[in-house]
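Coordinate inspection notes
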Amino acid sequence: MKLAVLGATGGIGRHLVALALADGHHVTAAVRDPARLPVHHDRLTVVRADALDPASLEPVIEGADAVLSGIGQAGRTDPLKPASTSARAAATAMAAVGVRRILVVSAAPLNRSGAGQPLLAAKVFGPLLWAALREVYTDLEAMERVLRESDLDWTAVRPPRLTNRPGRGHYRHAVESGPAGSTVPRSDVARAMLDLVTDPASFRHAVGVSS
């Protein structure tokens, strides 16, 4: 496939690029600073672009089979609201160039019902995380709302606490439920996103993913 990766220098974005290339896909990586992605491959095109600007994204997305975004807030009070702002920009650019499939990284606490999650995670840790990271999750909620209100074939992947442990290459996932576990390596989130690109059961749904 031809894949466009937004946030390609981030913790999950780097894994998206590496795994997509290993899978044999052609990748266009959108970055603010190409020097931060020192990867060279004949199926990789690195483009300087602003993921918050639709016009900047159009040449990155045009011709892609799917867009995968690892963009989120850099901190608790990021004034740019990058998750929701980039979702709006991507949706606008995708409509302009006729691309429909997008996958984004959200977060487990957005599963407000607690379906598929351990009781402690749903009833104790979830509310505590919302109290501590409300700005982050509010931005992610706005991101998901942008996608739900669009006509795109979107998937929001909701992992629990992310780690930098080596990925295992497999994971648990549930549509509109979970995640069942409390942690997941960033590389396994990227693996899940790539696996879900062609899974119609995940279209227009949130998917819980964990180890």
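Refer to the structure presented above.
None of the values given here were measured: they were computed from a predicted structure. (Residues numbered from 1 in each chain as written. Predicted model: local features only at pLDDT ≥ 70, side-chain atom pairs only at ≥ 80, totals over all residues. Heavy atoms only, no water.)

1. Quick notes on the sheet that holds strand β4 (residues 66-69)
Spatially, 8 strands are ordered β3-β2-β1-β4-β5-β6-β10-β8 in an open sheet, and the strand pairing comes out mixed. The two strands at the open ends of the sheet, each matched to only one other strand, are β3 (44-48) and β8 (172-175). Between one strand and the next, the sheet's axes are offset by a mean angle of 20°, whatever the strand orientation. Those strands touched by helix α2 (residues 54-61) are β1 (2-6), β2 (26-31), β3 and β4, and its axis lies near 150° from that of β1. (Pairing = 2+ DSSP bridges. Helix = DSSP H or I, 4+ residues; strand = E, 2+ residues; numbered from the N terminus. Axes fitted to C-alpha atoms, helices over the stretch in contact; angles between N-to-C directions. Contact = heavy atoms within 4.5 Å.)

2. Quick look at a nonpolar patch on the surface
A surface patch of nonpolar side chains, amounting to about 450 Å² of accessible area, comprises L120, V124, F125, L128 and L129. Within the secondary structure layout, V124 lies in helix α4 (residues 119-132). For V124, a relative accessible area of 35% translates into the label partly exposed. (Patch = residues over 30% accessible without salt bridge, like charges linked within 9 Å, V, L, I, M, F, W, Y side chains within 5 Å. Areas by Shrake-Rupley, 256 points an atom, 1.4 Å probe, with all protein chains shown as cover. Salt bridge = Lys/Arg side-chain N within 4 Å of Asp/Glu carboxyl O. Buried < 20%, exposed > 50% of the residue type's maximum accessible area, 1.4 Å probe, protein only.)

3. As for unusual backbone geometry
Here G178 and P179 are connected by a cis peptide whose omega angle stands at 15°. The topology assignment puts P179 in the loop between β8 and β9 (183-185). Unlike most non-glycine residues, E176 shows phi in positive territory, near 50°. Following the sequence through the fold, E176 ends up in the loop between β8 and β9.

4. What about the environment of R158?
Note on placement: R158 falls in strand β6 (residues 153-158). The spatial distance from the C-alpha of R158 to the C-alpha of R14 is 18 Å, given a sequence separation of 144 residues. Among the polar contacts made by the side chain of R158, one reaches the side chain of E144 at a distance of 2.7 Å. (Polar contact = N/O pair within 3.5 Å; in protein donor to acceptor, adjacent residues only side chain to side chain.)

5. Quick look at the nonpolar core
Ranked by internal contacts, the top residues of the largest apolar core, which has 34 residues, are L6, L57, V67, M94, I102 and L140. Listing elements by their share of this core, those giving two or more residues are β1, α2, α3 (82-97), β5 (101-105), α5 (134-148) and β6. Looking at which element gives the most residues to this core, the answer is α3, with 7 residues. Excluding its chain neighbours within four sequence positions, the residues that come into contact with L57 are L6, D50, A51, A89, A90 and A93. Core analysis: the next-biggest nonpolar cluster, separate from the first, contains 29 residues, V105, Y171, V189 and L196 among them. (Core = buried A, V, L, I, M, F, W, Y, C linked by side-chain atoms within 4.5 Å.)

6. Observations concerning a positive patch on the surface
The grouping of R161, R165, R168 and R172 at the surface amounts to a positive patch. Within the element layout of this structure, R172 appears in strand β8. For R172, a relative accessible area of 44% corresponds to the partly exposed category. (Lys, Arg positive; Asp, Glu negative; His and termini not counted. Charge placed at Lys NZ, Arg CZ, Asp CG, Glu CD.)

7. Points about the environment of E144
Within the fold, E144 resides in helix α5. Considered as a pair, E144 and A87 are 57 residues apart in the sequence and their alpha carbons are 8.3 Å apart. Apart from residues no more than four positions distant in its own chain, E144 is found in contact with S106, L110, A156 and R158.

8. Thoughts on α2
Regarding α2, the residues found buried are L57, V60 and I61. End-on, the buried residues of α2 take up no more than an arc of 85°, which puts them together on one face. Opposite the packed face of α2, turned more than 90 degrees from it, sit the exposed residues A55 and P59. Once α2 finishes, G63 follows within two positions and takes phi at roughly 85°, a positive value. (Arc of directions from axis to C-beta.)

9. Topic: the packing of α4 against α5
The interhelical angle for the contact between α4 and α5, taken along N-to-C directions, is 100°, at an axis separation of 5 Å. On the basis of their axis angle, the class for α4 and α5 is roughly perpendicular. For the pair α4 and α5, the contacting residues are L129, W130, A131 and A132 in the first and R134, Y137, T138 and E141 in the second. Of the residues assigned to the contact of α4 with α5, the class counts are 5 nonpolar, 1 polar and 2 charged. (Parallel < 35°, antiparallel > 145°, perpendicular 65-115°, else oblique. Nonpolar A, V, L, I, M, F, W, Y, C, P; charged D, E, K, R; others polar.)

Just geometry here; none of it tells us what the structure is for.
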